[in-house]
Amino acid sequence: MFTRRTVVAAATAAPLAAPAIGHAEAAAAAPKPPSVDELLKDPVVIDADLSPDGEQVAVLRVFPKDGKTFAFVRLLKAGDASAPAKDVPIGFFDAYLVQWASNERLLLWVNITKDGQGHPTGLMVDDEFYPIPVRRLISMDLNGADQVILFGQKKNMLRQAFDLATVADLMPDDPQHILMQVWDEDDGAYGLYQVDVVTGGATKVERGSSQTDSWATQGGRAVLRFDSNERGTVFTVYARAPGETSWKFYRKFRRNELKKLPEFDSVAATAEPGVMLVAMRPENADRVAIRRFDLKSLEFGDIVAQTADHDMEGAFIDMKENLVGCAFVEDRRNYAFSDAEFARHFRALNTYFGNECNVTLYDASLDHSRFIVSVSGPRQPGAFFLYNRKSVQVVLLGEKQPWLSQDRLGRMETLKVTTRDGAAITAYLTLPIGAAGGTRPPMVVMPHGGPEIRDQFDFDIWAQAFAAQGWAVLQPNFRGSGGYGKAFADAGRKHWGDRMQEDVEDAVAAAVAAGKVDARRVAICGASYGGYSALMEAVRRPDLYKAVVSVAGDCSLVDTLAFSRHEDGSDSPTYAYWLASIGDPKADEAALKAASPALRAAEIRAPVLLIHGTRDKIVDPKQSKIMAKALKEAGKPYEYVELKGEGHRDWSNDTWKTVLERSAGFIARYI
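Overview of the structure.

1. Let's talk about empty space enclosed by the protein
Taken as a whole, this structure holds two cavities of 30 Å³ or more when the rule is applied. Estimates place the volume of the largest cavity at around 40 Å³. A per-class count over the lining of the largest cavity returns five nonpolar, three polar and two charged. The calculated volume of the second largest cavity comes to roughly 30 Å³. If you trace the second largest cavity, you find it lined by Pro33, Pro34, Arg408, Leu409, Gly410, Pro432, Ile433, Gln464, Ala467 and Ala468.

2. Regarding the side chain of glutamate 505
Looking at the element boundaries, glutamate 505 is found in helix α6 (residues 499-513). When residues no more than four places from it in sequence are discounted, the contact partners of glutamate 505 are Arg420, Glu537, Arg540 and Arg541.

3. As for the pattern of salt bridges
Per the counting criterion, the structure on display carries 43 salt bridges. Across the pair glutamate 356 and arginine 379 runs a salt bridge whose closest N-O atoms are separated by 2.8 Å. Taken together, the residues span a long stretch of sequence, with glutamate 356 in the loop between α3 (340-352) and β28 (358-364) and arginine 379 in the loop between β29 (370-377) and β30 (380-388) at a distance of 23 residues. Take glutamate 356: its relative accessible area is 8%, and that puts it in the buried class. One salt bridge in this structure joins glutamate 505 and arginine 540, with 2.8 Å as the shortest N-O distance.

4. What to know about the nonpolar core
Core analysis: the biggest nonpolar cluster contains 54 residues, and Met443, Leu474 and Met627 have the highest contact counts within it. Ranked by residue count, the leading element in this core is helix α7 (residues 529-540), at seven residues. With residues near it in sequence (within four places) discarded, leucine 474 still touches Leu415, Ala427, Tyr428, Leu429, Met443, Val444, Val445, Met446, Ala507, Val508 and Ala511. Of all hydrophobic cores here, the second largest spans 32 residues; its members include Leu40, Leu404, Val444 and Val551.

5. Points about the sheet that holds strand β25 (residues 312-317)
Taken together, the three strands give an open sheet; going across it, the order is β25-β26-β27, and neighbouring strands pair in antiparallel fashion. Each edge of the open sheet carries a strand with a single partner, namely β25 and β27 (333-337). Strand-to-strand twist across the sheet, computed as the mean angle between neighbouring axes with direction ignored, equals 30 degrees. Direction of pairing for strand β26 (residues 323-329) relative to β27: antiparallel, over a ladder of five bridges. The residue of β27 that forms the bridge with phenylalanine 328 is asparagine 334.

6. Observations regarding the packing of aromatic side chains
Taken as a whole and assessed by the stated rule, the structure comprises 34 aromatic pairs. With 5.1 Å between their ring centres and 50 degrees between their planes, tyrosine 250 and phenylalanine 264 make a pair best called tilted. In this pair, tyrosine 250 sits in strand β20 (residues 248-254) while phenylalanine 264 sits in the loop between β20 and β21 (265-269), placing the two residues 14 residues apart along the sequence. Owing to a relative accessible area of 15%, tyrosine 250 belongs among the buried residues under this scheme. These aromatic residues form a ring-pair network of at least three members: Phe478, Trp496, Tyr529, Tyr532, Tyr577 and Trp578. Geometry around tryptophan 403 places lysine 41 over its ring, the cationic atom sitting 4.5 Å from the centre. For the cation-ring pair, arginine 254 lies above tyrosine 577, with the distance from its terminal atom to the ring centre recorded as 3.4 Å.

7. Some words on the sheet that holds strand β37 (residues 545-551)
Here eight strands make up an open sheet; going across it, the order is β32-β33-β35-β34-β36-β37-β38-β39 and the pairing mixed. The open sheet has two edge strands with one neighbour each: β32 (411-418) and β39 (638-643). Sheet twist, expressed as the average angle between the axes of neighbouring strands with direction ignored, equals 20 degrees. With three bridges connecting them, strand β34 (residues 443-445) and strand β36 (residues 522-527) associate as parallel partners. Paired with valine 445 across the two strands is isoleucine 524, which belongs to β36.

Rules of the game
Residues numbered from 1 in each chain as written. Predicted model: local features only at pLDDT ≥ 70, side-chain atom pairs only at ≥ 80, totals over all residues. Heavy atoms only, no water. 1 Å grid on protein atoms, 1.4 Å probe; cavity = no way out; pocket = protein on both sides within 12 Å on 5 of 7 lines; lining within 4 Å. Points joined across faces, edges and corners; volume = space filled by probe spheres on them. Nonpolar A, V, L, I, M, F, W, Y, C, P; charged D, E, K, R; others polar. Helix = DSSP H or I, 4+ residues; strand = E, 2+ residues; numbered from the N terminus. Contact = heavy atoms within 4.5 Å. Salt bridge = Lys/Arg side-chain N within 4 Å of Asp/Glu carboxyl O. Buried < 20%, exposed > 50% of the residue type's maximum accessible area, 1.4 Å probe, protein only. Core = buried A, V, L, I, M, F, W, Y, C linked by side-chain atoms within 4.5 Å. Pairing = 2+ DSSP bridges. Axes fitted to C-alpha atoms, helices over the stretch in contact; angles between N-to-C directions. Phe/Tyr/Trp six-rings, centres within 6.5 Å; stacked < 30°, edge-to-face > 60°. Lys NZ or Arg CZ within 6 Å of the ring centre and 35° of its normal.

Next up, the structure:
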């Protein structure tokens with residue numbers, strides 16, 4: 001385990017001396033890979049936050065008690081690592097977030113799964129009950145006393161609203177109030193409320209339209225409004241500068257699978273009134289940059305941060321909306337810092353964690369002398385650390401799942417792959433523990449979803465669940481993936497069935513050529529676009545794959561486009577994106593049919609497992625039914641699993657267990 005320690009080498013001059021990750025390697029008995037239950041077991045350290053004055057740290061922790069989960073907040077002195085901690089008991093709550101409302105008051109987010117009569121909370125849909133937790137926000141003093149449920153004075157909202165816990169702005173200049181977003185049943189729309197964290201009282205200050213999804217704020221005031229269609233795939237952006245009273249239409253945008261707006265993603269406010277930071281791709285540029293956006297003129301200003309090789313993804317600001325750094329992902333997370341001095345500290349922190357983890361800025365004191373960082377990596381499912389720049393001290397605040405020790409998790413390697421047409425792509429190969437000395441384990445190829453997102457060098461529950469079976473796991477960032485610039489993404493447009501699949505196959509060939517895996521025992525498993533890729537690979541390379549798993553995957557591209565057109569509208573940016581990405585159902589009909597696994601089921605040899613949620617609004621559940629019918633008619637072996645009431649993402653732990661265990665069990669039969 002990590003121990004509290006002071007680093008002896010100066011961060012700005014030399015690498016920090018430290019253990020590689022959170023645990024020492026086992027020296028005696030052979031480690032045991034984790035079970036699915038262990039991978040899915042709820043964390044014991046949930047969250048951490050730095051007080052506004054930077055003097056105190058609150059760490060939200062839980063432990064089992066009397067068959068339930070008991071939550072408490074551990075308070076630490078940020079400036080004195082040797083000072084005793086104070087534990088503030090909260091109670092039997094499913095708590096999932098803690099933040100300081102002021103230096104004297106804490107906010108605690110909780111899920112409630114049963115009402116006052118002990119009945120599970122949820123909704124009846126088509127005569128079937130779907131459990132849905134109720135989210136509430138509790139304010140309390142530093143002794144855990146004087147607890148107040150925010151909106152507690154609005155009894156109708158307490159009875160009707162599932163979510164009374166969405167904070168839009170912590171309003172650090174007003175210690176007694178925060179800004180919250182709540183669905184108002186009477187209005188049939190979301191509203192913004194100024195909420196008193198001492199009394200729980202709430203006053204509406206903004207009403208959205210019936211389509212409003214969320215707002216972005218600056219200085220406690222809504223300055224950008226995002227309206228969406230029912231599926232949440234098309235967003236309309238409105239702006240309102242300080243001093244203006246009405247919203248101005250800006251543009252419509254597509255929202256991607258990461259719930260971002262790739263062409264206009266508001267990432268942070270600035271300290272300058274009326275100016276926001278936005279991730280966008282400048283005209284004729286290849287990479288996404290962070291740029292200033294003027295709310296009054298609706299025009300972009302200076303580029304704040306960009307890199308030559310990767311898209312910028314976000315920005316980290318302090319409590320006063322001062323920029324600290326802009327984030328991007330190489331293989332791991334990195335930042336373009338506004339303070340060049342801190343860049344050296346960040347490099348040293350990465351060395352401290354063995355250059356095997358993602359170090360994410362999580363919270364900062366106003367003078368930037370103290371930071372909380374969130375740390376995760378292939379063999380570190382998550383931990384929080386306090387870093388003191390002045391004393392160059394790193395203090396472990398807590399590990400989320402300490403039972404998942406480094407020696408029990410598969411090690412990830414980065415493969416640089418040259419494709420058959422000379423392009424360069426990156427793939428990540430996770431090897432099971434004990435895979436050394438010339439052993440060649442079976443391999444599961446795992447193409448990601450999107451397709452315009454990407455995998456990175458980080459903890460992945462799928463990869464570790466499969467590695468625990470003794471299998472290697474290959475995750476290729478094929479052309480068409482996001483994060484590498486427009487040209488790289490464009491290289492996959494209208495090439496779902498050929499070039500993108502060739503890249504997957506070339507990554508497999510590279511892993512085999514490196515002597516890492518057994519080429520005779522290869523399976524493929526993917527979700528969303530990855531599910532489509534798995535099916536298409538089964539068509540293209542029936543000689544290569546011994547088992548195929550498609551979770552919520554497309555199989556008939558003409559039907560995919562028809563679904564988007566019907567759900568999003570023929571004039572929507574989302575439908576336009578899919579036309580450009582997949583192809584035109586008329587002009588490209590022949591290519592679309594050739595790239596549709598359901599129309600080529602007779603060419604598949606490997607057994608296929610299909611899994612799909614019945615309430616998926618992103619990929620039509622009919623897609624898996626179409627594939628099942630095609631496989632049945634072709635006389636091919638397959639299984640079809642329906643996830644009752646589940647959507648495309650945000651699954652319950654029980655559903656995750658079903659998916660992981662059914663997938664692993666199916667693959668194990670054949671490799």
